[in-house]
Amino acid sequence: MAHPVITEDLSDEDMDKMMASACDASALLKAISHEGRLMILCALVTGEKSVTELEELLHARQAAVSQQLARLRMEGLVTPRREGKAIYYSLADDRPKRILEVIYEMFCTVPDLDRAAN
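Residues numbered from 1 in each chain as written. Predicted model: local features only at pLDDT ≥ 70, side-chain atom pairs only at ≥ 80, totals over all residues. Heavy atoms only, no water.

Draft legend 1. The overall build of the protein chain, seen in detail. When helices and strands are tallied, the protein chain shows 6 helices and 3 strands. Mapped from its N terminus to its C terminus, the protein chain presents α and β elements in the order α-α-β-α-α-β-β-α-α. The globule rule puts the C-alpha radius of gyration for 118 residues at 13 Å, and the 18 Å found for the protein chain is more than 25% above it. Taken along its principal axes, the extent of the C-alpha atoms in the protein chain is 55 × 45 × 20 Å. Out of the 118 residues in the protein chain, the part that is buried amounts to 20%. Considering only residue pairs separated by 6 or more positions, the protein chain has 47% of its internal contacts joining residues 24 or more positions apart. When the accessible surface of the protein chain is totalled, it reaches about 8,800 Å², and 56% of it is carbon and sulfur. For the protein chain, the distance from the average position of its 14 positive side-chain charges to the average position of its 20 negative side-chain charges is 10 Å. (Helix = DSSP H or I, 4+ residues; strand = E, 2+ residues; numbered from the N terminus. Rg over C-alpha atoms; globule rule 2.2 N^0.38 Å. Buried < 20%, exposed > 50% of the residue type's maximum accessible area, 1.4 Å probe, protein only. Contact = heavy atoms within 4.5 Å. Areas by Shrake-Rupley, 256 points an atom, 1.4 Å probe, with all protein chains shown as cover. Lys, Arg positive; Asp, Glu negative; His and termini not counted. Charge placed at Lys NZ, Arg CZ, Asp CG, Glu CD.)

If you want it as structure tokens, here you go:
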């Protein structure tokens, strides 16, 4: 997949499309820019969880979890499902999972020692 490149011969229409995509990407990055929201997304990668389950997994207060879930819901990254008094959340689509894979690769893997030596 080709990366977007801005060149002098780029049409106004293509520039507008790139700007719209940049705005969408920026909103997504802002939505995941909080460690609590990232942790929630990591927990939801394995499947639907109730707010109570998320509180327990993350060792966080209900108010904090609910606040972060509201932001993720507003950005369309998670979807709620009510069952009685309990609310369950799941990933809305595969975007969060794909993003978490890139973040994991960038920040959580051991660097290749051969490349680090160069």
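Draft legend 2. Looking closely at the nonpolar core. Counting residues in each nonpolar core, the largest one holds 17 residues, and the members touching the most others are Ile40, Leu41, Leu44, Leu54 and Leu69. Sorting the residues of this core by element identifies helix H1 (12-31), helix H2 (35-44), helix H3 (51-58), helix H4 (62-74) and strand S3 (86-91) as the ones contributing at least two each. Residue contributions to this core peak at 4 residues, all from H2. (Core = buried A, V, L, I, M, F, W, Y, C linked by side-chain atoms within 4.5 Å.)

Draft legend 3. Here's a closer look at the environment of aspartate 94. Structurally, aspartate 94 is set in the loop between S3 and helix H5 (95-107). Look at aspartate 94 and you get partly exposed, because its relative accessible area is 45%. Residues aspartate 94 and glutamate 53, 41 residues apart in the sequence, show an inter-C-alpha distance of 21 Å.

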